[in-house]
Amino acid sequence: MTATEQQPIQGEPQQSGSGQPTTTGRDGDTGWRPGLDPSDEARLTQARKEQFAIVEEIPTDNASLGWYSVSCLILNRLIGSGIFNSSSVIFSNTQSIGISLFFWLYGLTMAISGTIVYIELGLTVPRYRLGDGTSKISVVRSGGELPYLNYFIKRPRFLATCLFGVSFLIFGNTSFNSIASAVAVLQASNTKETRGMVAGIAMAVNTFACLLHSMSRKWGIRLNNFFGTAKLAMLFCMVVFGFAQLGKDGSVAATNFDRTTAFSTANSPEEVYRYAEAIILAIFPFSGFHQANYVLAEIQHPRRNFAQVSFFCVALIASLVVTVNILYAAVIPKDILFKPNHDQAFEFFSHTIGRVASRTQTQAICGSFRALSAIGNVIVFTFTAARVKQEIAKEGILPYSLFFASSYSFSVSNGFRRLPPSRSSYQLYSSRAPAAALALHWVVTSIAILATVFGTMELSSPESRFHLSAYYLGIAAFAYGLDLIWFSVMGIGVLCLRLWPGSKWRQKSPIPHTLGVAAAATFGATNAFPLVAIWIPDPAAKFLSNTSDSVIWYAPQTYGIAVLVFGVVYWLCFRFYIYHRKMKAGESLEIVRIPIFWRSPIGELLQLYEIVKVRWTRYIQGEKRESTIIRLTEFGTPGYETRTTSAVSGERISKRVSGARKDT
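Residues numbered from 1 in each chain as written. Predicted model: local features only at pLDDT ≥ 70, side-chain atom pairs only at ≥ 80, totals over all residues. Heavy atoms only, no water.

A. Region of interest: the overall build of the protein chain. Looking only at helices and strands, one finds 22 helices and 13 strands in the protein chain. For the protein chain, long-range pairs separated by at least 24 residues make up 75% of all intrachain contacts whose partners lie at least 6 apart in sequence. Surface accessibility of the protein chain: about 26,300 Å² in total, with carbon and sulfur atoms responsible for 62%. (Helix = DSSP H or I, 4+ residues; strand = E, 2+ residues; numbered from the N terminus. Contact = heavy atoms within 4.5 Å. Areas by Shrake-Rupley, 256 points an atom, 1.4 Å probe, with all protein chains shown as cover.)

The structure is reproduced here in structure tokens:
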């Protein structure tokens, strides 16, 4: 029951119907979670019976992500293949120890400032108006940048959703880490790489991750925790290896860090392109700092755990990654360190543990560390990316949106089911997973894997690997199209909210104003510079680094912009289809998203359920009829609730609920 229909019970606001806050009672039907208002229970029960509606349960209590799981989620995402592969490009591009390490500090600065910006957005957006109509509250929501973009860009409708949605659906896959894990496994086993073996192992890793998270949310989280812990230990081991070698022989460090030559630019590029390329590869390993925002609604006590855990983990891993790269420069001689198309990670292991181990053993250890990083990254990003794709489907821009927006429970006897086995009980399962979104993720990733492995030219050099050209093209395009573009928008957007005349953002945000302005300005600038600089041509750099002169220099950024343009085209087609149905058949595409909240004992407002209804509707001779439902969905007007009081007369009552408006 809405707050405008009855007085609050025991003063605890509950979100219901059209985003309208209601209150939770203490007694109620045990078919749903205890404490729900009877009107909310009735809405949920009715929605479960409707053909074109779904009820999504948000994991809370024991099913939610605790501080340790959130920590491992961030650790697992940050420690990926980038820390092994980016260094080769950065050192060879700059031909300078000092400039290379400065770029790693550049990436660290981006990650720290970005973490502050995303903490601010995650704890401030979206916002709901309470039933009294005088105050607003913020509620945490999953989906990463999606709810923040919808807050920034309200008009034209669907534009922000289509731009980000298309970009994430294309770039938000795990193909590159799947391929990296396959190559690492073959390296660890001292097996020669072939196209079939690389593709087979990469597909197996991708399939395993998708099936794992589809069948068991609990075991997916446990495996994420294992990999996060193991990878942190691995990073500490690399630091120990480096310092142990320095204790035995510091001659290389003394030469490389000589004050007169460390910042020498005698052999460095004169144009900005190679530097911009190096910066992008320095940003890439840190780009997973905001993974917790992807699953923010599933975090236990998010206002306490999210901010503290995110900042600590990002600061820790960023510092360790920079330390590892300083050790790269301290133990690898310059003539090897600056060599193009060279594996600097393997050289690091060769110059540390390789002093006491054979080449085969060193290769096995290096490959094992790489495989651990890459496979763990696939596990965690599959988990988080599926939630974002599920949120994109709820926004209604996909065909069959309800199918992809639904969560499914799995059992050996029944397979995947959207409804509980017994329709007499409407209790949902906390272990349900976005299996349809994971299937979509699997398809896109599989296509990208096969295109990368089999769509590249065989290279003649025996030290070149056939997958590297497409691999580095994909990494650069991912960093440009999904990181630089949207990170720049987030930084500039928060800065505008902070400094816009008359803005009240500083009263809404939990971040101090001065810190918020500094973080947003730094975050926006550190991403905007390479976003623009990468387009400045260099006559001496006609091809992308580490691609054996097979990928033209402007290919990654062109790929990223092309995907953005495709998002605009998709939006235009989507809007035209809605307009065409309206003009031709008088049908209106409607969606009703009803979030239901509960205030926890510590005062947090937590979302328990969300009802999503989708239908095409039209009026014929005063009667409201439903046409064939196509699962394309569209937001209804915020702040409105529509009811049909008579199926015969079709009387339609639309009213603005003043105390229920959502700031989208």
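Additional details are given in the paragraphs that follow.
B. Molecular detail of the nonpolar core. Judged by nonpolar contacts, the single largest core of 156 residues is most densely connected at Ile-74, Phe-84, Phe-168, Leu-235, Met-238, Ile-317 and Tyr-328. Among the elements that take part in this core, helix α13 (residues 302-331) stands out by supplying 16 residues, more than any other. Membership of the second largest hydrophobic core comes to 11 residues, among which are Trp-32, Leu-44, Val-55 and Tyr-609. (Core = buried A, V, L, I, M, F, W, Y, C linked by side-chain atoms within 4.5 Å. Buried < 20%, exposed > 50% of the residue type's maximum accessible area, 1.4 Å probe, protein only.)

C. Layout of unusual backbone geometry. Here the residue pair Val-125 and Pro-126 is connected by a cis peptide bond, since its omega of 0 degrees sits within 30 degrees of zero. Along the polypeptide, Pro-126 turns up in the loop between α4 (97-122) and β4 (127-129). Note that the residue after Arg-155, namely Pro-156, is joined by a cis bond; omega there is -5 degrees. In this structure, Pro-156 sits in the loop between α5 (145-152) and α6 (159-171). A positive phi angle, close to 55 degrees, is found at Asn-341, a residue other than glycine. Along the chain, Asn-341 turns up in the loop between α14 (334-337) and α15 (344-350). Residue classification places Asn-341 among the partly exposed residues on the basis of a relative accessible area of 46%. The phi torsion at Asp-549 lies on the positive side, around 55 degrees, for a residue other than glycine.

D. Representation of α5 within the structure. Burial runs high along α5: 7 of the 8 residues are buried. For α5, every residue scored as buried is listed here: Glu-145, Leu-146, Pro-147, Tyr-148, Leu-149, Asn-150 and Tyr-151.

E. Quick look at helix α8 (residues 195-215). The end-to-end C-alpha distance of α8 is 30 Å, a good match for the 30 Å that 21 residues give at a rise of 1.5 Å each. For α8, the full list of buried residues reads Arg-195, Val-198, Ala-199, Ala-202, Met-203, Val-205, Asn-206, Ala-209, Cys-210, Leu-212, His-213 and Ser-214. (Expected span 1.5 Å × (residues − 1).)

F. View of empty space enclosed by the protein. Within this structure, the stated rule accounts for 10 cavities of 30 Å³ or more. Its volume calculated, the largest cavity comes out at about 280 Å³. Forming the boundary of the largest cavity are 22 residues, of which Glu-57, Ile-58, Pro-59, Glu-298 and Gln-390 lie nearest the centre. Of the residues that constitute the lining of the largest cavity, the class distribution is 7 nonpolar, 5 polar and 10 charged. Put simply, the second largest cavity is a space of about 180 Å³. Around the second largest cavity, the lining comprises 16 residues; the ones closest to its centre are Arg-77, Asn-177, Phe-284, Asn-377 and Phe-478. For the lining of the second largest cavity, the secondary-structure elements that each account for two or more residues are α2 (67-78), α7 (175-188) and α16 (359-395). When grouped by side-chain class, the residues that make up the lining of the second largest cavity number 6 nonpolar, 9 polar and 1 charged. (1 Å grid on protein atoms, 1.4 Å probe; cavity = no way out; pocket = protein on both sides within 12 Å on 5 of 7 lines; lining within 4 Å. Points joined across faces, edges and corners; volume = space filled by probe spheres on them. Nonpolar A, V, L, I, M, F, W, Y, C, P; charged D, E, K, R; others polar.)

G. Up close: the state of the cysteines. Following the criterion strictly, the structure yields 0 disulfides and no others. Counting only cysteine sulfurs, Cys-313 is the nearest neighbor of Cys-72, a cysteine outside any disulfide, at a range of 8.0 Å. (Disulfide = S-S within 2.5 Å.)

H. Representation of the side chain of Ser-167 in the model. Its place among the elements puts Ser-167 in helix α6. Contacts of Ser-167, omitting those with residues within four sequence positions, involve Gly-172, Gly-481, Leu-482, Trp-486, Val-563 and Leu-564.

I. Region of the structure containing the packing of α6 against helix α22 (residues 555-585). Look at α6 against α22: their axes get within 8 Å of each other, and the N-to-C directions meet at 135 degrees. When the interaxial angle is binned, α6 and α22 end up oblique. Like other packed secondary-structure pairs, α6 and α22 cross with a definite hand, here right-handed. Contacts between α6 and α22 involve Leu-159, Cys-162, Leu-163, Val-166, Ser-167, Ile-170 and Phe-171 from the first element and Tyr-559, Gly-560, Val-563, Leu-564, Phe-566, Gly-567, Val-568, Tyr-570 and Trp-571 from the second. The residue inventory of the contact of α6 with α22, partitioned by class, reads 13 nonpolar, 3 polar and no charged. (Axes fitted to C-alpha atoms, helices over the stretch in contact; angles between N-to-C directions. Parallel < 35°, antiparallel > 145°, perpendicular 65-115°, else oblique. Left-handed = near helix turned anticlockwise from the far one by under 90°.)

J. Seen up close, a nonpolar patch on the surface. There is a patch of nonpolar side chains on the surface, built from Trp-535, Ile-552, Tyr-554, Ile-561, Val-565 and Val-569 and spanning about 480 Å² of accessible area. Position of Ile-561 relative to the elements: it lies in helix α22. (Patch = residues over 30% accessible without salt bridge, like charges linked within 9 Å, V, L, I, M, F, W, Y side chains within 5 Å. Salt bridge = Lys/Arg side-chain N within 4 Å of Asp/Glu carboxyl O.)

K. Structural detail: the packing of aromatic side chains. Here the structure, examined in full by the defined rule, presents 32 aromatic pairs. Seen in terms of ring centroids, Phe-289 and Phe-523 are 5.8 Å apart; in terms of plane orientation they differ by 90 degrees. Their pairing is edge-to-face. Of this pair, Phe-289 sits in the loop between α11 (273-283) and α12 (291-294) while Phe-523 is found in helix α21 (residues 513-533), placing the two residues 234 residues apart along the sequence. Given a relative accessible area of 2%, Phe-289 falls into the buried group. (Phe/Tyr/Trp six-rings, centres within 6.5 Å; stacked < 30°, edge-to-face > 60°.)

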